[in-house]
Amino acid sequence: MVGRYVLHPTGTSQFRWELETASGEVILSSPPHASKTEAEKAIHTSRTNSGAEARYERHTSKDAQAYFVLTNGNGATLGTSRMYASSAERNEGIATCKLTGLSAGTRGES
């Protein structure tokens, strides 16, 4: 298995998802979605966009940690990565996200 998207409830009606590698490392987390259906649509959009280099924004936090944001064609945030110690590690995270995001299955939690 390459990896998986995992749906998580966040409160009474909201859901978010995380993209995990085959070893269970979280490489991308979504913002909250108003419903499980919206979160599932966002996973589909993430799959569609994760292979495109142009959809990745590279950032550095105020405390000099590197991270990335996966966006859709309109520039909306699909997911944000964890913090990395260097831009080289962040770039490896992007490469992993490109491969994992395209073919990962989905597991829902309730």
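Whatever comes next refers back to the structure up there.
A quick note: this is a predicted structure, and the numbers were derived from the prediction, not measured. (Residues numbered from 1 in each chain as written. Predicted model: local features only at pLDDT ≥ 70, side-chain atom pairs only at ≥ 80, totals over all residues. Heavy atoms only, no water.)

J.: Hey, could you go over helix α1 (residues 36–49) for me, with residue numbers and the actual values?
T.: Along its 14 residues, α1 runs 20 Å from first to last C-alpha, staying within 8% of the 20 Å computed at 1.5 Å per residue. The set of residues buried in α1 consists of Ala-39, Ala-42, Ile-43, Ser-46 and Asn-49. Each buried residue of α1 sits inside an arc of 135° when the element is viewed along its axis, so together they form one side. Residues Lys-41, His-44 and Thr-48 are exposed on α1 and point more than 90 degrees away from its buried face. (Helix = DSSP H or I, 4+ residues; strand = E, 2+ residues; numbered from the N terminus. Expected span 1.5 Å × (residues − 1). Buried < 20%, exposed > 50% of the residue type's maximum accessible area, 1.4 Å probe, protein only. Arc of directions from axis to C-beta.)

J.: Can you break down the packing of aromatic side chains residue by residue, with the values?
T.: In this description, a pair of aromatic rings is defined by centroid distance and the angle of the planes. For the coordinates displayed, the defined rule picks out three aromatic pairs. An angle of 75° between the planes, with centres 5.3 Å apart, marks the rings of Tyr-5 and Trp-17 as edge-to-face. Pair noted here: Tyr-5 is in strand β1 (residues 3–10) and Trp-17 is in strand β2 (residues 14–21), with a separation of 12 residues, a long-range link. Residue class for Tyr-5 comes out buried when judged on its relative accessible area of 0%. (Phe/Tyr/Trp six-rings, centres within 6.5 Å; stacked < 30°, edge-to-face > 60°.)

J.: I'd like a description of unusual backbone geometry, backed by residues and values.
T.: Its identity as a non-glycine residue notwithstanding, Ala-64 has a phi of 70°, on the positive side. Locating Ala-64 in the fold gives a position in the loop between β4 (56–60) and β5 (66–71). In this structure Ala-64 comes out as exposed when scored by relative accessible area, which is 54%.

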